[in-house]
Amino acid sequence: SDEIEMSVLDAMTPSLSLSAVVDSTFAALKNTLKRSNLDLSDGICLHHRNGPDWHNHCRIWNGNNCLNDEDGNIEDLVRNRTPGAYPKKWVYYISDEDPSPSLISSFKKKNDQVLVHRSEYDILSDGAMQTFLKGGEEASVARHRDLFAAVDFFVCGRVESFVGNSVSTFSALQIMTHHGPG
């Protein structure tokens, strides 16, 4: 039932040690926005699956919800999914890889949106992740993809708006968290 699903989602919280990473990441995002004269309420968290595993999945997927609408650009998809009455000025970009300079430029030109991502703005600090990992190994997306995804998940949950693809479990859970069941 919808009530059970929402109860499970509400129960999903980071551990105390991961909470410190999530909190520092969210604080860094807010500081980045403040330095750019942007408000937290004026943004979107965008989950853009774009890695090789996702492209392979999409090659064998028979549905039409795997790739961007009609193979459109991701920036067009974000613009089309954002109500005109609630324009957004920035996008927190969560992906398998960093956005290309052309994608960053395209978001600015087409949507007048700043594309904020963790590596360019040092939002998810190596120090916070090293502390979480107890300093034993290098903190990298390549080595700890699921850990970075967990941090992204909880940070995105604090951003008012979300755009993703419901075929992705990450996005489906975010959509439900933001909009409720159904």
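Since the model is a prediction, treat every value here as computed from it, not as a measurement. (Residues numbered from 1 in each chain as written. Predicted model: local features only at pLDDT ≥ 70, side-chain atom pairs only at ≥ 80, totals over all residues. Heavy atoms only, no water.)

Within the chain, Asn37 stands out as a residue other than glycine whose phi angle is a positive 60°. The phi torsion at Asp122 lies on the positive side, around 50°, for a residue other than glycine.

This part is about the nonpolar core. Among the nonpolar cores identified, the biggest contains 28 residues, and Leu29, Trp90, Tyr92, Met129 and Val151 are the most heavily contacted of them. Secondary-structure elements contributing two or more residues to this core are helix H2 (16–35), strand S2 (90–95) and helix H8 (145–156). (Core = buried A, V, L, I, M, F, W, Y, C linked by side-chain atoms within 4.5 Å. Buried < 20%, exposed > 50% of the residue type's maximum accessible area, 1.4 Å probe, protein only. Helix = DSSP H or I, 4+ residues; strand = E, 2+ residues; numbered from the N terminus.)

Along the chain, Ala139 turns up in the loop between helix H7 (126–132) and H8. By relative accessible area, Ala139 is classed as buried at 10%. Each C-alpha atom of the pair Ala139 and Ser125 lies 9.4 Å from the other, and the pair is 14 residues apart in sequence. Those residues in contact with Ala139, other than ones at most four positions away along the chain, are Asp126, Met129, Gln130, Leu133, His144 and Phe148. (Contact = heavy atoms within 4.5 Å.)

Right, let's talk about H8 for a bit. For H8, which comprises 12 residues, the first-to-last C-alpha distance of 16 Å matches the rise-based estimate of 16 Å (1.5 Å per residue) to within 8%. Looking at the buried residues of H8, the elements they touch are H2, strand S1 (43–48), S2, helix H6 (118–121), H7 and helix H9 (169–179). (Expected span 1.5 Å × (residues − 1).)

The next point concerns the sheet that holds S1. Taken together, the four strands give an open sheet; going across it, the order is S3-S2-S1-S4, and neighbouring strands pair in parallel fashion. Among the strands making up the open sheet, the edge pair consists of strand S3 (114–116) and strand S4 (161–163). Between one strand and the next, the sheet's axes are offset by a mean angle of 30°, whatever the strand orientation. Note that S1 and S2 share six bridges and pair parallel. Within S2, the position partnered with His48 by the bridge is Ser95. (Pairing = 2+ DSSP bridges. Axes fitted to C-alpha atoms, helices over the stretch in contact; angles between N-to-C directions.)

Another point: the state of the cysteines. The full count for this structure, using the stated rule, is one disulfide. Note that Cys45 is cross-linked by a disulfide to Cys156, the S-S spacing being 1.8 Å. One end of the pair, Cys45, is in strand S1; the other, Cys156, is in helix H8, with 111 residues separating them in the sequence. Looking at Cys45, the relative accessible area reads 0%, which means it is buried. (Disulfide = S-S within 2.5 Å.)

Further remarks concern the packing of H8 against H9. At their nearest, the axes of H8 and H9 sit 10 Å apart, and the two run at 20° to each other. When the axis of H8 is compared with that of H9, the two are roughly parallel. Relative to H9, the crossing made by H8 is right-handed. Residues Ala149, Asp152, Phe153 and Cys156 of H8 form the contact with H9, whose participating residues are Phe170, Leu173, Gln174, Thr177 and His178. Of the residues assigned to the contact of H8 with H9, the class counts are five nonpolar, three polar and one charged. (Parallel < 35°, antiparallel > 145°, perpendicular 65-115°, else oblique. Left-handed = near helix turned anticlockwise from the far one by under 90°. Nonpolar A, V, L, I, M, F, W, Y, C, P; charged D, E, K, R; others polar.)

Moving on, we come to the packing of aromatic side chains. The final tally for this structure, using the stated rule, is two aromatic pairs. Relative to Phe154, the ring of Phe153 has its centre 5.4 Å away and its plane inclined at 85°; by these criteria the two rings are edge-to-face. Neither residue differs from the other here; Phe153 and Phe154 are each classed as buried. Both rings, one in Phe153 and one in Phe170, keep their centres 5.5 Å apart while their planes meet at 85°; by these two values the pair is edge-to-face. Taken together, the residues Phe153 in helix H8 and Phe170 in helix H9 connect sequence positions 17 residues apart. (Phe/Tyr/Trp six-rings, centres within 6.5 Å; stacked < 30°, edge-to-face > 60°.)

None of this, on its own, says anything about what the molecule does.
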